[in-house]
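Observations on chain architecture
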Amino acid sequence: MEYENSAAFAQRLDEQDTLSNFRNEFLIPQHQRKDIIYLCGNSLGLQPKAAQQEIATQLGAWQNLAVEGWFQGDAPWHEYHKQLLPPLANIVGALPHEVTVMNSLTINLHLLMVSFYQPKGKRYKILMEGGAFPSDQYAVESQVKFHGFDPKDAVIEVFPREGESTLQTADILSAIEEHSDELALVLFSGINYYTGQFFGLKAIAGAAHEAGAYVGFDLAHAAGNVPLALHDWQADFACWCSYKYMNSGPGGISGIFVHEKHHQNKELNRFAGWWGYRNDTRFKMIPGFDPEPGAEGWQVSTSPILLMAAHNAALQLFEQAGSIPALRRKSELLTGYLEYLIEQINQQQGEQLFKIITPKNKQERGCQLSVICKHNGKAMFDHLVSKGVIGDWREPDVIRLSPVPLYNTFTDVYEAAHYMAEAATQISKA
Ligand SMILES: *Cc1c(COP(=O)(O)O)cnc(C)c1O
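Residues numbered from 1 in each chain as written. Predicted model: local features only at pLDDT ≥ 70, side-chain atom pairs only at ≥ 80, totals over all residues. Heavy atoms only, no water.

**Description of the overall build of the protein**
Rules: The secondary structure listing takes helices from DSSP runs of H or I that are at least 4 residues long and strands from runs of E that are at least 2 residues long, numbered from the N terminus. The globule rule is 2.2 Å times the number of residues to the power 0.38, and the radius of gyration it is compared with is taken over C-alpha atoms. Exposure classes here rest on a 1.4 Å probe applied to the protein chains alone. A residue is buried below 20% of its type maximum, exposed above 50%, and partly exposed in between. Two residues qualify as a contact provided that any one of their heavy atoms is within 4.5 Å of a heavy atom in the partner residue. The protein chains shown are the only cover counted for residues, whose accessible areas, like all others here, come from Shrake-Rupley with a 1.4 Å probe. All tallies of charge rest on Lys and Arg as positive and Asp and Glu as negative; His and the ends of each chain are not included. Note that the charge is assigned to NZ on lysines, CZ on arginines, CG on aspartates and CD on glutamates.
A tally of regular secondary structure across the protein gives 13 helices and 17 strands. Taken over the C-alpha trace, the protein has a radius of gyration of 23 Å; the compact-globule value for 430 residues is 22 Å, and the two agree within 12%. With the C-alpha coordinates of the protein rotated into their principal frame, the extents come out at 70 × 60 × 35 Å. Counting only residues that meet the buried cut, the protein has 56% of its 430 residues in that class. For the protein, the share of sequence-separated contacts (at least 6 apart) that also reach a separation of at least 24 residues comes to 71%. For the protein, the accessible surface area stands at approximately 18300 Å², while carbon and sulfur atoms represent 52% of it. Of the charged side chains in the protein, 34 are positive and 48 negative, and the gap between their average positions amounts to 2 Å.

**Brief notes about the sheet that holds strand 13 (residues 354-356)**
Heads up, the rule is: A pair of strands is considered paired only if DSSP assigns at least 2 bridges between the two. To obtain each axis, a line is fitted to C-alpha atoms, and for helices this fit is confined to the stretch in contact; angles are then taken between N-to-C directions over 0 to 180 degrees.
Strand order in the open sheet formed by 4 strands is 13-14-17-16, and the pairing between neighbours is antiparallel. Whereas interior strands pair on both sides, the edge strands pair on one side only; in this sheet they are strand 13 and strand 16 (392-394). For this sheet, the mean angle separating the axes of adjacent strands, direction not counted, is 30°. Lying on the sheet, helix 12 (residues 377-386) is in contact with strand 13, strand 14 (369-373), strand 16 and strand 17 (398-401); it crosses strand 16 at an angle near 170°.

**Points about the UniProt feature "binding site: pyridoxal 5'-phosphate" (unreviewed entry) in the protein**
Test applied: UniProt positions are given in the numbering used here, feature names are shortened, and annotations may be inferred rather than shown by experiment.
Here, UniProt's "binding site: pyridoxal 5'-phosphate" (unreviewed entry) annotation points to Leu 105, Thr 106, Phe 133, Pro 134, Ser 135, Asp 136, Asp 218, His 221, Tyr 243, Trp 274 and Thr 302. Separation in sequence by 198 residues is matched in space for these annotated residues, since their most distant C-alpha atoms are 30.8 Å apart. Mapped onto the elements, Phe 133 comes out in the loop between strand 7 (125-129) and helix 5 (134-146). Excluding anything up to four places from it in sequence, Phe 133 contacts Tyr 193 and Lys 244. Within the secondary structure, Trp 274 is located in the loop between strand 12 (255-258) and helix 10 (305-321). The partly exposed category is assigned to Trp 274, whose relative accessible area is 38%. In this structure, Trp 274 is in contact with Arg 282, Phe 283, Met 285, Val 300 and Thr 302, ignoring residues within four places of it in sequence.

**Remarks on the UniProt feature "modified residue: N6-(pyridoxal phosphate)lysine" (unreviewed entry) in the protein**
The condition is simple: Here a polar contact means two N or O atoms within 3.5 Å. Within protein one must be a hydrogen donor candidate and the other an acceptor candidate, and residues neighboring in sequence count only if both atoms are side-chain atoms.
Mapped onto this numbering, the UniProt entry gives "modified residue: N6-(pyridoxal phosphate)lysine" (unreviewed entry) at Lys 244. When you line up the elements, Lys 244 lands in the loop between strand 11 (237-240) and strand 12. On the basis of relative accessibility, which here comes to 7%, the residue Lys 244 falls in the buried class. At 3.4 Å, the side chain of Lys 244 and the side chain of His 221 are in polar contact.

**Quick word on the pattern of salt bridges**
Filter applied, for reference: Whenever a carboxyl oxygen of Asp or Glu lies within 4 Å of a side-chain nitrogen of Lys or Arg, that contact is scored as a salt bridge.
In the structure shown here, the tally under the stated rule is 22 salt bridges. Here Glu 4 ties to Arg 12 by a salt bridge, and the two come within 3.8 Å at their closest N and O atoms. The class of Glu 4 is partly exposed, set by a relative accessible area of 39%. Judged by its relative accessible area of 38%, Arg 12 falls in the partly exposed class. Salt-bridge contacts for Arg 394 lead to Asp 392; the nearest nitrogen and oxygen are separated by 4.0 Å. Judged by its relative accessible area of 30%, Arg 394 falls in the partly exposed class. Given a relative accessible area of 8%, Asp 392 falls into the buried group.

**A few points about the packing of aromatic side chains**
Keep this limit in mind: Centre distance within 6.5 Å is the pairing criterion for rings of Phe, Tyr and Trp, where only the six-membered ring of Trp is used; planes under 30 degrees apart are then read as stacked, over 60 as edge-to-face, and the remainder as tilted.
What the rule picks out here adds up to 22 aromatic pairs. Taking the centre distance of 5.5 Å and the plane angle of 65° together, the rings of Trp 70 and Trp 275 count as edge-to-face. Within this pair, whereas Trp 70 is found in the loop between helix 2 (49-65) and helix 3 (85-92), its partner Trp 275 is found in the loop between strand 12 and helix 10, the two being separated by 205 residues in sequence. Summarising the aromatic geometry, the rings of Trp 275 and Phe 283 are spaced 6.1 Å apart at their centres and angled 85° between planes, so their arrangement reads as edge-to-face. Classification of Trp 275 by relative accessible area gives buried; the value is 2%.

Here it is in structure tokens:
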């Protein structure tokens, strides 16, 4: 698309946008009596209006049915989660019985590493991206220590080449090959939280298996954002949170994927709890753990129904929108527009004040652009906030901006760039 740097052009794109009605399904915070320009779905997605109603419905069931709510009412709680699985499976490219919802993300990463990090002999190392989200680094470090290894030796991180900000797929694949006889697990994020790079997950999964290792993905920044095909890619496991692009509320419930090829494997370790026990006999309370077949067999604890209610409301919007394929088309246009407008600012200023480190190739990114500010970054970011533009700031000099196709408009992007241009003139050169 040939973009234009004008409010009228942005408005025209909004008028042509077949998903524009979905913005009305969200509650948008106000700044000086106007909708804020919210470009922070990478951190916390906005609240769907239906979340309150669905939570209220479950509070009502608690009020009216109390303990009987587990087995009575319109959607008995003991199987409430089941309605979440088909929409989630669509989002991550899985079969419904390969996914479930439980706990929160880092906990699930640990539980899945209990199953899929099984060091044996000289095959005890974990290969991951350098600069992974800190929680993942801590989880991996503590897992290898738990098995008696030294993280300095047992964790292999792959970094970008000198002078580059993002990884080349070829380098990831050759690192896997180079260490092939030592790897127990290859663990990658789907999208790196800092750079916004969307990794070649299919190729990574293929190389990991070729090397004889398991492969798992942390999809915190990818789920609800980019097309995924976990089943076809043969990923062994994956996990994600629901509060970023899935708009399911702060600390919202996490999701997991376990490929069906592992569902019958009794050799895999798991840390079990009663909520993973076979549904039909769970409440007989018999000794000896007998898992429910499928991802549900990894569940541990009683369903947090209020979190699931918020998630339910949010997932229904994805279904109504046509799930990821429909959202992705708009997402590419929106993020492309932001990229174009930022490059216009650099041209006008005659200097690369804003350097986008996220890959230019649409196949290698989702909504997010990570922008390095050449001068006075924090002051520029504060200027944006004062104008009601909410992105987020990452030390030392990066602003992350993520236009989200479910609720952002082309006009949001145009206005955000307008204030960036203002910051460039008033602050960067000050
Ligand atoms: C957001 C994020 C997390 C957060 O984990 P929680 O357990 O939900 O706090 C972990 N890993 C990655 C890659 C993330 O982006």
